[in-house]
Amino acid sequence: QLGPFAKAPIHATLRGVTNNDRDVGVDVLRSVTLPLMRRFGLDDSLDIKVAKRGALPGGGGEVHLSCPIVKQITPVNLADEGRVKRVRGVAYAMRVAPHVANRMVDAGRGVLNDFLPDVWIYTDHYKGDR
């Protein structure tokens, strides 16, 4: 989150674990943190792309990060955001059959569709190195 205040734009490739139950995963950064940072005035060149997913113990994931620089940020009022209108999500599976992620989508939609009609969960399956 300090990247926008650096002296030069950041273009980095990060390798290791992309999803872990102890830390914030790359999907949370991409779908929550980046849109929030864009509301503070960062442009669309702020981006995180997942090239490969990696899990414990070996990691093996690869994430490409690009972050522009800004001189100042704009204030944002987050006092009244309103109601939840839609849900977007990711079901990822690594080194298992692709139908595992599809079953996670079906289970998630089965619960969430009782509350919201606009639920979209996409799958991301990584086979692993061969």
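The structure under discussion appears in the preceding block.
Structural notes, computed from the coordinates.

What counts, and at which threshold
Residues numbered from 1 in each chain as written. Predicted model: local features only at pLDDT ≥ 70, side-chain atom pairs only at ≥ 80, totals over all residues. Heavy atoms only, no water. Phe/Tyr/Trp six-rings, centres within 6.5 Å; stacked < 30°, edge-to-face > 60°. Helix = DSSP H or I, 4+ residues; strand = E, 2+ residues; numbered from the N terminus. Buried < 20%, exposed > 50% of the residue type's maximum accessible area, 1.4 Å probe, protein only. Contact = heavy atoms within 4.5 Å. Expected span 1.5 Å × (residues − 1). Bend = angle between axes of the 7 residues up to and from the residue.

**A few points about the packing of aromatic side chains**
Under the criterion given, the structure shown has one aromatic pair. Between Trp120 and Tyr122, the aromatic rings sit 5.6 Å apart at their centres with planes inclined by 35 degrees, giving tilted as the arrangement.

**Regarding the side chain of Glu62**
With respect to the secondary-structure elements, Glu62 resides in strand E3 (residues 61-67). Glu62 sits in the buried class, given a relative accessible area of 18%. Those residues in contact with Glu62 that lie beyond four places of it in its chain are Thr13, Leu14, Arg15, Thr18, Lys49, Val50, Ala51 and Lys52.

**Some remarks on helix H1 (residues 26-39)**
Helix length check: H1 (14 residues) gives 19 Å between terminal C-alpha atoms against 20 Å at 1.5 Å per residue, within 8%. At Thr33, H1 shows its largest bend, some 35 degrees, and a proline, Pro35, comes one to four positions later. Looking only at H1, the buried set comprises Val26, Asp27, Thr33, Leu34 and Met37. Buried positions along H1 lie against strand E2 (47-52), E3 and strand E4 (87-94). At the exit of H1 stands Gly41, carrying a positive phi of roughly 110 degrees.

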